[in-house]
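The residues making up each chain are set out below.
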Amino acid sequence: MNFDVVIAGGSVAGLLCAREIARNGNTVLVIEEDYEIGTPEHCGGLVSLSGLEELGVIPFRKTFDHAIESAEITAPNGTSFEINSAKQKVIEISRRELDKQIAFQAQKNGAIIKVRTSFQEITDTGIRTNNEKINCKIFVDARGVSSLIHKDRTGILSSAQYEIYADWIKKGKVEVIFDQEKYPGFFAWIIPSGEGKGKVGVAGKGINVSESLEKILKEKGEYSTIRKIYAPIWIKGPIKKFVEGKTVIIGDAAGQAKPTTAGGIFTSGMGGVYAGQAISEFLKTNNKADLEQYQKKWTARFGKEFEKQLLARKILERVDNNTINKLFESITPEIIKDISEKDDFDFHTSSIIKLLGLKGSIKTAQTLIGGEIKKLLS
Ligand SMILES: Cc1cc2nc3c(=O)[nH]c(=O)nc-3n(C[C@H](O)[C@H](O)[C@H](O)COP(=O)(O)OP(=O)(O)OC[C@H]3O[C@@H](n4cnc5c(N)ncnc54)[C@H](O)[C@@H]3O)c2cc1C
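First things first, this report covers the structure right here in the doc. (Residues numbered from 1 in each chain as written. Predicted model: local features only at pLDDT ≥ 70, side-chain atom pairs only at ≥ 80, totals over all residues. Heavy atoms only, no water.)

### Quick word on the site of the ligand
In the neighbourhood of the ligand, 32 residues make up the surrounding shell, with Ser11, Glu32, Gly44, Leu46 and Asp252 lying closest. A distance of 3.4 Å separates an oxygen atom of the ligand from a polar atom in the backbone of Val12. A distance of 2.7 Å separates a nitrogen atom of the ligand from a polar backbone atom of Gly44. Compared with its free state, where it exposes 1,000 Å², the ligand has 91% of that area covered by protein. Those elements giving two or more residues to the shell around the ligand turn out to be α1 (12-23), β12 (156-165) and β16 (224-234). Counting contributing residues per domain, the shell around the ligand is built from domain 1 (2-68 + 94-151 + 237-302) and domain 2 (158-234), each supplying no fewer than three. (Near = heavy atom within 4 Å. Polar contact = N/O pair within 3.5 Å; in protein donor to acceptor, adjacent residues only side chain to side chain. Areas by Shrake-Rupley, 256 points an atom, 1.4 Å probe, with all protein chains shown as cover. Helix = DSSP H or I, 4+ residues; strand = E, 2+ residues; numbered from the N terminus. Domains from an automatic or database assignment.)

As structure tokens, this is what we get:
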């Protein structure tokens, strides 16, 4: 079998990349090791409408679950504040359906998708799967975090997320809970998918994620579990080289998920789009510089924001519960109003700067994290 491009990984980045390559008249095969596109779903499904639009996806009725109106952020001592997020136009989507919707777009453009086919190795003329050898000019690695595990384990955190039915889950309201002892370097979250149902998750350094999650659920009240997933998340930002010879690395496999939240539908998806465009150009010209355009474009769009998110992450990894509690005390109604009106879900470090109380109120935190704060502001 011969293809211009073979893509390993039939999820958001791989499928968007395939759509772009096929749209430009090239032959492209997507191989997915699972038995179904969109499963097993390992995602909270939060995404901005503007992000989806830029990815070229208008969610089908089946894909769109519901709109998020607010986010409640809770400190270790239980104090919390609520941001009105209606203006950010963030929605919760079904990843099972979103991925299928993008697969349909890719197929309509001429891409071929095969499930239950796994990438094994690169050969002299292409790749080898569990079934056969396939010749290709370009191989795209879109295998998600699993591709990074062998390269660098230090950027990986374990996460657990349960889909549950529970009366205490309120439609439209996301919850984020910080506690450095329970979820070091990360947080716990509740993402509703409607009234009384949603996803509750936790990630953190060196913790037993399923035990931590069971504890949160016990404290919250009664619930029924519908599904449990355990997945690694990558929090170390983009890898150094997105293109290695004739191999192009995209999406989570290239570290394109946000270092703050590990959210990657938009940023990893755009990796797929930019790579697909650059590969199409390269297939026309055979000029390596055209392939390199992919990394340049992605970095121009997200590089600065990701650097700042990495600094914000460094701060989170260094502060203790006491400092977080103090930071929360310093948050004024004006800061909350400002964030509610101006925050951008995809480029959110400006809100983090506001939340860190950089208007000069809290001395303890600033002494602790002063160096990083200066860099974050510059
Ligand atoms: C618990 C959790 C919650 C999240 N919540 C959100 C959220 O709310 N919003 C958001 O934007 N992002 C969220 N994310 C991140 C988001 O899911 C990822 O950024 C996004 O799915 C990355 O897409 P991708 O195509 O790069 O990789 P993936 O979605 O990881 O897809 C990789 C694909 O490659 C396949 N594969 C792996 N190995 C092989 C192989 N050898 N051969 C063939 N196929 C292979 C896998 O089966 C998989 O289908 C969350 C992640 C987790 C873990």
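This is not the end of the story, as more comes after the structure.
### Concerning the packing of aromatic side chains
The relative placement of two aromatic rings is captured by the distance of their centres and the angle of their planes. Overall, the coordinates contain 14 aromatic pairs when judged by the stated rule. For the ring pair Phe186 and Phe187, a centre distance of 4.2 Å and an interplane angle of 15° mean the geometry is stacked. As far as the burial class goes, Phe186 and Phe187 line up, both buried. Through a chain of ring-to-ring contacts, three or more aromatic side chains come together here, namely Phe242, Phe266, Tyr294, Trp298, Phe302, Phe306 and Phe347. (Phe/Tyr/Trp six-rings, centres within 6.5 Å; stacked < 30°, edge-to-face > 60°. Buried < 20%, exposed > 50% of the residue type's maximum accessible area, 1.4 Å probe, protein only.)

### Some words on the sheet that holds strand β13 (residues 173-177)
Each strand in a sheet pairs with another by means of backbone hydrogen bonds, the pair being arranged parallel or else antiparallel. The strand order β6-β5-β13-β14-β15-β12-β16 describes an open sheet built from 7 strands, whose pairing is mixed. Strands with a single pairing partner mark the edges of an open sheet, and in this sheet they are β6 (80-84) and β16. Averaged over neighbouring strand pairs, the angle between their axes works out to 15° when direction is ignored. With 3 bridges joining them, β13 and strand β14 (residues 188-194) adopt antiparallel strand pairing. Across the sheet, Ile177 pairs through a bridge with Ala188, a residue of β14. (Pairing = 2+ DSSP bridges. Axes fitted to C-alpha atoms, helices over the stretch in contact; angles between N-to-C directions.)

### Focus on the pairing of strand β7 (residues 90-93)
What you see with β7 is no split at all: Val90 and Glu92 on one side and Ile91 and Ile93 on the other are buried throughout. In terms of strand pairing, strand β3 (residues 46-48) meets β7 through 3 bridges, oriented antiparallel. Note on β7: the bridge partner recorded for Leu46 is Glu92. Note that strand β4 (residues 64-68) and β7 share 4 bridges and pair antiparallel. Counted as the bridge partner of Ala67 is Ile91 from β7.

### Describing unusual backbone geometry
In the segment running from Thr39 into Pro40, the intervening peptide bond is cis, with an omega of -10°. When you line up the elements, Pro40 lands in the loop between β2 (28-31) and β3. Positioned with a positive phi, Arg116 is a non-glycine residue whose angle comes to about 50°. Tracing the chain through its elements places Arg116 in the loop between β8 (112-114) and β9 (119-122). Backbone geometry places Asn286, a non-glycine residue, at a positive phi of 60°. Looking at the element boundaries, Asn286 is found in the loop between α6 (265-285) and α7 (288-318). A relative accessible area of 61% places Asn286 in the exposed class.

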